[in-house]
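Chain residues, written in single-letter form:
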Amino acid sequence: MMAVLDLKQASVLFGRPASGIYALQDVSLRVQPGERVALVGANGSGKSTLLRVLHGLIRPTTGVLTCDPQLRQSMLFQRPHLLRLSVLSNIALGLWLRGVPWHDAQLRSHNALARVGLSELAGRKARALSGGQQQRVALARAWAMEPQLLLLDEPTASLDPHAKREVEALIHEFADQGHGTGDAMTLVFASHNLGQVKRLASRVVYLDQGRVAADLSVSDFFCGPLLQSQYPAAHLFVKGESL
Ligand SMILES: Nc1ncnc2c1ncn2[C@@H]1O[C@H](COP(=O)(O)OP(=O)(O)O)[C@@H](O)[C@H]1O
Ligand SMILES: [Mg+2]
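Colleague: Looking at this structure, I do not really get the environment of L50. What am I missing?
Modeller: Assignment of secondary structure puts L50 in helix 1 (residues 47–54). Considering only alpha carbons, one finds L50 and P161, 111 residues apart in sequence, at a separation of 27 Å. Ignoring anything within four residues of it in the chain, the contact list for L50 reads L7, L24, V27, L29, L39 and L207.

Colleague: Got a minute to help me understand a nonpolar patch on the surface in this structure?
Modeller: On the surface, W96, L97 and W102 cluster together into a nonpolar patch covering about 360 Å² of accessible area. Tracing the sequence through the fold places W96 in helix 2 (residues 87–97).

Colleague: I tried to follow the pairing of strand 7 (residues 186–190) on my own but got confused; where do I start?
Modeller: Working note: regular strand, side chains alternate between the two faces of the sheet. With 5 of 5 residues buried, strand 7 lies mostly within the body of the structure. Neither face of strand 7 is left uncovered, since the one carrying T186, V188 and A190 and the one carrying L187 and F189 both have all their residues buried. Looking at chain direction, strand 3 (residues 36–40) and strand 7 are connected through 4 bridges and run parallel. The residue bridging L39 from the neighbouring strand is A190, located in strand 7. Sheet topology places strand 6 (residues 149–153) next to strand 7; 5 bridges connect them, and they run parallel. If you follow D153 over to strand 7, its bridge partner there is A190.

Colleague: Would you explain the confidence of the model for the protein in this entry?
Modeller: The predicted coordinates should not be examined in detail at positions where pLDDT is low. For the protein, the average pLDDT comes to 91, and 92% of its residues sit at 70 or higher. When pLDDT is averaged over each helix and strand of the protein, the minimum, 54, is found for helix 9 (residues 235–238) and the maximum, 98, for helix 1.

Colleague: So what exactly am I meant to see when it comes to the site of ligand 1 here?
Modeller: In the vicinity of ligand 1, the residues found are F14, I21, A23, A42, N43, G44, S45, G46, K47, S48 and T49. Between ligand 1 and G44 there is a distance of 2.7 Å, counted from an oxygen atom to a backbone nitrogen or oxygen. Across the complex, the protein chains shield 58% of the 560 Å² of accessible surface that ligand 1 would expose by itself. If you list the elements that add at least two residues to the shell around ligand 1, you get strand 2 (21–31) and helix 1. If you tally residues by element for the shell around ligand 1, the top one is helix 1, at 3 residues. For the shell around ligand 1, the residue count by class is 4 nonpolar, 6 polar and 1 charged.

Colleague: Looking at this model, I keep getting lost on helix 3 (residues 102–115). Mind explaining?
Modeller: For an α-helix, the turn length of 3.6 residues means that residues three or four places apart are oriented alike. In this model helix 3 runs 20 Å from its N-terminal to its C-terminal C-alpha over 14 residues, within 8% of the 20 Å that 1.5 Å per residue would give. Among the residues of helix 3, those classed as buried are A105, S109, A112 and L113. The buried residues of helix 3 all sit within an arc of 95 degrees when viewed along its axis, so they share a single face. Away from the buried face of helix 3 by more than 90 degrees, exposed residues H103 and N111 are located. Directly after helix 3, the chain includes G117, whose backbone phi takes a positive value near 75 degrees.

Colleague: For this particular structure, what's the right way to read the side chain of T156?
Modeller: You can see T156 is positioned in the loop between strand 6 and helix 5 (161–177). Take T156: its relative accessible area is 3%, and that puts it in the buried class. One polar contact links T156 to Q196, side chain to side chain, over a distance of 3.0 Å. In this structure, T156 is in contact with K164, V167, E168 and Q196, ignoring residues within four places of it in sequence.

About the criteria used
- Residues numbered from 1 in each chain as written.
- Chains lettered and ligands numbered in written order.
- Predicted model: local features only at pLDDT ≥ 70, side-chain atom pairs only at ≥ 80, totals over all residues.
- Heavy atoms only, no water.
- Helix = DSSP H or I, 4+ residues; strand = E, 2+ residues; numbered from the N terminus.
- Contact = heavy atoms within 4.5 Å.
- Patch = residues over 30% accessible without salt bridge, like charges linked within 9 Å, V, L, I, M, F, W, Y side chains within 5 Å.
- Areas by Shrake-Rupley, 256 points an atom, 1.4 Å probe, with all protein chains shown as cover.
- Salt bridge = Lys/Arg side-chain N within 4 Å of Asp/Glu carboxyl O.
- Buried < 20%, exposed > 50% of the residue type's maximum accessible area, 1.4 Å probe, protein only.
- Pairing = 2+ DSSP bridges.
- pLDDT = per-residue confidence, 0-100.
- Near = heavy atom within 4 Å.
- Polar contact = N/O pair within 3.5 Å; in protein donor to acceptor, adjacent residues only side chain to side chain.
- Nonpolar A, V, L, I, M, F, W, Y, C, P; charged D, E, K, R; others polar.
- Expected span 1.5 Å × (residues − 1).
- Arc of directions from axis to C-beta.

Spelled out as structure tokens, the structure:
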């Protein structure tokens, strides 16, 4: 099967070779269609850098990223980064910038807003919404691109518990249903929330100081010794509870 993404032996150096830091070192990651890969690891372990490399925002210092140039991919950040425009325009502008005629862009934006349950807020100023609503708008904006690959960097980390659940449920629905075109949606997401990892992921990549220290199926990750040693509260999950 053709991989969605194939990153080979990538390193990312910030700064000069002598004094800089390697945010990633010798990272290889091959992601197949429909996989749901969770990136876990301590702060500073390289999760965000890896997602940025996968989205083409950072070119690796060494190593090669191969992906289908036709692949449609969107990225969702920890904070929503919305423009000082209406909710609808925030979504439509992204489509228009990618060549979708304005009228179609508006129609697709209305559909995307309906998909995240925010139709009634289309005309509101995006920055005036609550954090959870803003993240749903950002998710609608990502979804409107009809991505085959969705990259998410701690998408619920800045949200209150209620909004966390809402946004996570939407991500889950999107991954399950895709766009109704038969294409599975592939996810690569960073998360500190082990409950979320357990609910969303099929595979877990554990980063330690910029290196892949483990790459396991989600069941092996939750049964294995790595979890116990790296996450002091992990026994809660092993007993089937959620945080
Ligand atoms: N733009 C940057 N310039 C310099 N150092 C950076 C930059 N972005 C990240 N880093 C460093 O790279 C390492 C990995 O960071 P990051 O990918 O953000 O980790 P994580 O998302 O896992 O917390 C950290 O040591 C961080 O300080
Ligand atoms: Mg990060």
